[in-house]
Structure formats: structure tokens, C-alpha cells
Amino acid sequence: MYAPLGPTVGAIITIGLDESLRVAFGTDFTGGAPFIYGILLVLFMIYLPRGIVGIFERRRKPAAAPPALGVPVAAK
């Protein structure tokens, strides 16, 4: 499901993360900020495939019950 606020919230968070890492590392650890930023982006894609807004949508909607296994569906 597409969340209209998803790209906006994602852009704000990723730009803020990139800039804060760049400021935190400065020139002390050259290449450290992009490296950590890349690792965090990969982790976000793996563990949050629906994004930050998807977490809030999941909490708002109750989970659907899984279908029963081995029970045939009646033909219409």
C-alpha cells in the first residue's frame, strides 16, 4: 500500500541523517559518514520495507487473521 506522506517523511529523515553524520564526523574520519549512511540505508530497506509511515499504518490497522490451513474453500 502506498503512503502519500512516505516519500516526504523519508526524504526529511535521510537528508537529516546524512547532514548530521557529515557534521558529526567532519574531517576527522574521511569517508566515515557516507559509509555509515550507506549501511543505515541498507538496514532501513531490509527491516523497514514499507518505510517509517508503514510502521504507523500497521499500528493503526488490526492484523488480519491468517487463513486456516487444510480447510477447503467452498465453491460458489
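Everything quoted here is computed from the prediction, not taken from an experiment. (Residues numbered from 1 in each chain as written. Predicted model: local features only at pLDDT ≥ 70, side-chain atom pairs only at ≥ 80, totals over all residues. Heavy atoms only, no water.)

### Looking at the overall build of the protein
Selection criterion: Note on conventions: DSSP H or I runs of at least 4 residues are helices, E runs of at least 2 residues are strands, and numbering of each starts at the N terminus. The cut-offs for exposure are 20% and 50% of the maximum accessible area for each residue type, with area from a 1.4 Å probe on protein chains only; residues under the lower value are buried, those over the upper are exposed, and the others partly exposed.
On a plain count of helices and strands, the protein comes out with three helices and zero strands. The linear arrangement of helices and strands in the protein, starting from the amino end, is α-α-α. Looking at the protein residue by residue over its 76 residues, the buried ones come to 12%.

### Considering the pattern of salt bridges
Selection criterion: Salt bridge, as used here: a side-chain nitrogen of Lys or Arg that lies within 4 Å of a carboxyl oxygen of Asp or Glu.
Per the stated rule, a full pass over the model turns up one salt bridge. Between arginine 22 and glutamate 19 there is a salt bridge, with its nearest N and O atoms 2.4 Å apart. With arginine 22 and glutamate 19 both in helix H1 (residues 6–25) and three residues apart, the pair spans about one turn of that helix. You can call arginine 22 partly exposed: its relative accessible area is 48%. For glutamate 19, a relative accessible area of 34% translates into the label partly exposed.

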